[in-house]
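Listed here are the chains, written in short residue letters.
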Amino acid sequence: MTSQTRWEQATEAYATGEHKSGRELQLLVDFSAPAGTERVLDIGTGAGHTALTLAPRVASVVLTDPVPAMLATARRLADESGIRNVEFVEAIAERLPFPDANFDIVTSRLAAHHFDNVPVAFGEVARVLRPGGVFIFIDTLAPDDPESAAYQDEVEALRDPTHRRIYTLREWITFCEHAGFRVEKTAVVRKAHEFEPWLERGGQDAATQQRVRTRFLDAPASAVHDLEIVIRDGAVVSFTDRKLVLAARR
């Protein structure tokens with residue numbers, strides 16, 4: 001299965017699943033503190049939940065994603081919500097088709113662990129954000145324990161081959177600082193995942209899904225602790241990871 005096909009198949013799961021909610025969306029609003037006049041760019045928008053949270057509070061939002069089917073889903077959700085101040089552009093994070101200093105706020109939620117080159121993508125964010133603008137970044141945090149971090153990347157990539165890597169708090173902050181940002185606020189949100197729906201969103205075949213189940217049942221003790229893996233009657237019930245919410249100023 002190609003990455004494009006995987007995302008096309010996952011569109012409805014992203015529209016209706018756990019991505020549509022979470023405390024990180026409220027923190028997105030709190031950290032960006034929109035006044036109502038801002039032009040916003042959302043990178044790796046997926047089904048558009050981040051952009052559509054901000055749209056009623058700003059002047060306009062441009063939603064970008066490399067997958068046309070995801071943009072179509074985001075457009076449908078915008079139409080269903082009566083949101084009109086949005087624009088949809090097919091683009092990858094590492095090559096944004098916008099002029100320099102074109103946006104007041106740039107957001108990226110739960111997308112960067114799919115980026116092929118995080119430093120290049122963050123450099124593009126800095127380029128298209130006006131001086132004084134704010135970057136709101138949300139993504140999974142790697143556990144500080146190296147064994148747990150390696151395990152989480154392993155099962156994430158097995159479940160979804162478009163996964164690249166998650167990073168620690170210090171590593172995400174370093175990416176921002178090297179791109180020229182000044183980090184102003186951070187928060188960490190714990191997010192519980194029902195295991196089977198999470199596994200199904202990966203879009204893999206039954207044999208691969210079973211391999212992921214087996215790896216969770218055989219997880220190292222450090223990962224069981226850090227990811228709060230819950231097993232009941234020989235089956236994986238849930239796990240909990242951490243999401244970083246970060247506000248950085250250009």
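Everything below is about the structure printed above this text.
Given the structure is predicted, the values throughout are model-derived calculations rather than measurements. (Residues numbered from 1 in each chain as written. Predicted model: local features only at pLDDT ≥ 70, side-chain atom pairs only at ≥ 80, totals over all residues. Heavy atoms only, no water.)

A short note on the nonpolar core
Next, step 1: Counting 33 residues, the largest nonpolar core has Leu41, Val106, Phe122, Phe135, Trp172 and Phe181 as the members making the most contacts within it.
Next, step 2: Looking at this core, the elements with two or more residues in it are β1 (39-43), β4 (103-109), α5 (118-128), β5 (129-141), α7 (169-178) and β8 (235-249).
Next, step 3: For this core, the leading source of residues is α5, giving six residues.
Next, step 4: The contact partners of tryptophan 172, leaving out residues within four places of it in the chain, are Ala112, His113, Val118, Phe122, Phe137, Asp139, Thr140, Leu141, Ile166, Tyr167 and Leu244.
Next, step 5: Core analysis: the second largest hydrophobic core is formed by 30 residues, Phe31, Leu63, Leu71 and Ala187 among them. (Core = buried A, V, L, I, M, F, W, Y, C linked by side-chain atoms within 4.5 Å. Buried < 20%, exposed > 50% of the residue type's maximum accessible area, 1.4 Å probe, protein only. Helix = DSSP H or I, 4+ residues; strand = E, 2+ residues; numbered from the N terminus. Contact = heavy atoms within 4.5 Å.)

Re helix α9 (residues 206-217)
Next, step 1: When the terminal C-alpha atoms of α9 are compared, their 17 Å separation across 12 residues agrees well with the 16 Å that a helix rising 1.5 Å per residue should span.
Next, step 2: By the burial criterion, the buried members of α9 are Thr208, Gln209, Val212 and Phe216. Down the axis of α9, the buried set is contained in an arc of 105 degrees. They therefore lie on one face. Opposite the buried face of α9, by more than 90 degrees, sit the exposed residues Ala206, Ala207 and Arg211.
Next, step 3: Where α9 is buried, its residues meet α6 (146-159), α8 (195-201), β7 (230-232) and β8. (Expected span 1.5 Å × (residues − 1). Arc of directions from axis to C-beta.)

Looking at the environment of alanine 223
Next, step 1: Inspection of the secondary structure assignment puts alanine 223 in helix α10 (residues 221-226).
Next, step 2: Through-space distance from the C-alpha of alanine 223 to that of glutamate 171 is 20 Å; in sequence the pair is 52 residues apart.
Next, step 3: When sequence neighbours within four positions are dropped, the list of residues in contact with alanine 223 reads Ser148, Tyr151, Glu228 and Ile229.

Side note on the pairing of β5
If a strand is regular, its side chains alternate between the two faces of the sheet.
Next, step 1: When you tally the buried positions in β5, you get 10 out of 13 residues, the bulk of the element.
Next, step 2: Where β4 meets β5, six bridges bridge the pair, whose relative direction is parallel. In the sheet register, valine 106 faces β5, and the bridge partner there is phenylalanine 135.
Next, step 3: In this fold, the crossover linking β4 to β5 by way of α5 has right-handed handedness.
Next, step 4: Looking at chain direction, β5 and β8 are connected through eight bridges and run antiparallel. If you follow phenylalanine 135 over to β8, its bridge partner there is alanine 248. (Pairing = 2+ DSSP bridges. Right-handed = clockwise from strand over helix to strand, strands pointing away.)

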